Amino acid sequence: MAVVAAQRASKTESYVDNKRKDDIRTANIKSGRSVSDAVRTSLGPKGMDKMISTASGEVIITNDGATILNKMEVLQPAAKMLVELSKSQDVVAGDGTTTVVVIAGALLKQCQTLLHSGIHPTVVSDSLHKASVKAVDVLTAMAVPVELSERESLVKLASTSLNSKVVSQYSTLLAPLAVDSVLNVVDPAKPDLVDLRDVKIVKKLGGTVDDTELVKGLVFDKKVSHAAGGPTRCENAKIAVIQFQISPPKTYIEQSIVVSDYTQMDRILKEERNYILSMIKKIKSTGCNVLLIQKSILRDAVTDLSLHYLAKAKILVIKDVERDDIEFTTKTLNCLPIANIEHFRAEKLGYADMVEEVSCGDGKIVKITGIKEMGRTSTVLVRGSNQLVLDEAERSLHDALCVVRCLVNKKFLIASGGAPEIELSRQLGAWSKVLQGMESYCVKSFAEALEVVPYTLAENAGLNPITIVTELRNRHAQGEVNAGINVRKGLITNILEENVVQPLLVSTSAITLATECVRMILKIDDIVTVR
């Protein structure tokens, strides 16, 4: 009877090799953690910068997590997920791109311990999801509501974002600039939406970051086309944005026309002159005195002959305006792009008080100011002593703009400096004691993982992380919710009073995105390569 029972059991039970699955998970977790460790030292205002040298010989100096990971050549598929995670945070919040990867790395470390303890990955995954939902609720309860009319609060917010960048010493200049740029483009009809494509950043080499300015109008990083002696300054400008060429027509296919007779050659040249003259007469008849000409692919947008006639007609010409800039330009000037000379009418023009060519650094730029009925756009002219500083200033300014945009979308502030993470760790730790079974262990591990942020902030600032985090825990246990690490003083202070703040959206999206990424990595038990 025992033999029969054993035979029946063998039919239903089969041996499953879990060794390979465990090896794959371990490899994925190790790869993810190595990516996290690579950017961990650049977290916080005292974080280190990375010098990235690309294959083409380009050098980038930055401590922006998204930029570092984007430039890294990551081959392991699970490690690539952390690079994508950083990009997702950049899209959603614009800031916290290093934080999100550091949190994901700490969660992976805790998950590895739980898996070695024999807890099933699905149980761990579900518990992490519950913990992240609870964490968002705790953060929302901690948040302080803010109105867009409180400009000072917005400036503090942008300053906190800029303080961890290479250009942190210019935060007093760049923060108000970022706030004003975003507030200029907020439409009262849609107060919760901000499109950062309405803020144009123009980079110009020369000077220092101190010379960066917000221009109420338009800036073109090119010279006026005055080869034929045309004007370089125009008051009471009537501006046309044209998408056609002021040059003789060409055949659509590659072919050559042989002219053997001189009289025929003269006739062709005469026709060319008449063709261009008739176009310029139509343009001049509308009162237009400034032309912005879109960059042409098929043929030259303007020729020396057309520039000569335009100069005689006292029309200022700016050629080679990029196709991507046309929408921004027309929105700012409150005019319509003109695709054909037959559609050239006065009602399609934009109006401005001044269009002038200005010397800037080692080159020249064109400024259009005093635009009548200007669209809701902003232009920032960024200056820098070298290309590396210029690029980093642009990236830092973009992060500051994103932070202000976050606040427009979700009007809540939260303390920074590791305060929300420690408070989350404390409250989730207390909540884990209420739960039962495996869930309790998993939530406790989630709570412990969040301590990585204040620990890393203290470590990067050259402080004793164990002493600082222990004191921080005590202060929070005593009810000081906004106590955080003041890395400048090397002490624990009320971070909210120190004006070290960030938008609620940055913290909540970092927690939810990191958890989502870790859950996905946990669920992978095999990697199949398709050739």
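Note that the coordinates shown come from a computational prediction; the quantities given were computed from them, not determined experimentally. (Residues numbered from 1 in each chain as written. Predicted model: local features only at pLDDT ≥ 70, side-chain atom pairs only at ≥ 80, totals over all residues. Heavy atoms only, no water.)

A few points about the pairing of strand 14 (residues 412–415)
Operational definition: Whether two strands pair depends on DSSP finding at least two bridges between them. Every helix listed is a DSSP run of H or I at least four residues long, and every strand listed is a run of E at least two residues long, numbered separately from the N terminus.
For strand 3 (residues 144–145) and strand 14, the ladder comprises two bridges, and the chain directions are antiparallel. Bridge pairing in strand 14 links proline 145 to phenylalanine 412.

Some remarks on the sheet that holds strand 3
Under the convention used in this document: In this description, contact between two residues means that some pair of their heavy atoms is separated by no more than 4.5 Å. An axis is simply a line fitted to the C-alpha atoms; with a helix, the fit covers only the stretch in contact. Between two such axes, the angle follows the N-to-C directions and lies from 0 to 180 degrees.
Reading across the sheet, the three strands line up as 3-14-17 and stay open at both edges, with antiparallel pairing between neighbours. Looking at strand neighbours, the two that pair on one side only are strand 3 and strand 17 (501–503), the edges of this open sheet. As paired elements, strand 14 and strand 17 share three bridges and run antiparallel to each other. Residue pairing for strand 17: alanine 415 is matched across the bridge by valine 501. Contacting strand 14 and strand 17, helix 17 (residues 504–523) runs over the sheet at an angle of about 65° to strand 17.

Overview of the packing of helix 5 (residues 97–116) against helix 14 (residues 438–449)
Stated formally: With the far helix as reference, a near helix turned anticlockwise by less than a right angle produces a left-handed crossing, and one turned clockwise produces a right-handed crossing. Following the grouping adopted for this structure description, the nonpolar residues are Ala, Val, Leu, Ile, Met, Phe, Trp, Tyr, Cys and Pro, the charged ones are Asp, Glu, Lys and Arg, and the polar ones are all others, Gly among them.
At their nearest, the axes of helix 5 and helix 14 sit 9 Å apart, and the two run at 145° to each other. Judged by the twist between their axes, the crossing of helix 5 over helix 14 is right-handed. Contacts between helix 5 and helix 14 pair Ala106, Leu107, Gln110 and Leu114 from the former with Tyr441, Cys442, Ser445, Phe446, Glu448 and Ala449 from the latter. Considering only residue class, the contact of helix 5 with helix 14 consists of seven nonpolar, two polar and one charged.

What about the side chain of serine 36?
Worth spelling out the cut-off: Polar contacts, as used here, are pairs of N or O atoms within 3.5 Å; protein pairs need one atom able to donate a hydrogen and one able to accept it. Residues neighboring in sequence count only if both atoms are side-chain atoms.
By the secondary structure assignment, serine 36 is in helix 2 (residues 19–40). Within the local environment of serine 36, its side chain forms a polar contact with the backbone oxygen of valine 101, the two atoms lying 3.2 Å apart. Sequence-distant contacts of serine 36, that is, excluding residues within four places in its chain, are made with Leu82, Val101, Val102 and Gly105.

Focus on the pattern of salt bridges
Here is the rule we go by: Salt-bridge detection follows one rule: a side-chain nitrogen of Lys or Arg within 4 Å of a carboxyl oxygen of Asp or Glu. Whether a residue is buried, partly exposed or exposed follows from its accessible area with a 1.4 Å probe, protein chains only, as a fraction of its type maximum: under 20%, in between, or over 50%, in that order.
Under the defined criterion, the tally for this structure stands at 28 salt bridges. Taking the shortest distance from any N to any O, the salt bridge between glutamate 498 and lysine 489 comes out at 3.2 Å. For glutamate 498, a relative accessible area of 30% corresponds to the partly exposed category. Judged by relative accessible area, which is 52%, lysine 489 ranks as exposed. By sharing partners, the salt bridges in this structure join Asp64, Lys165 and Asp399 into a single network.

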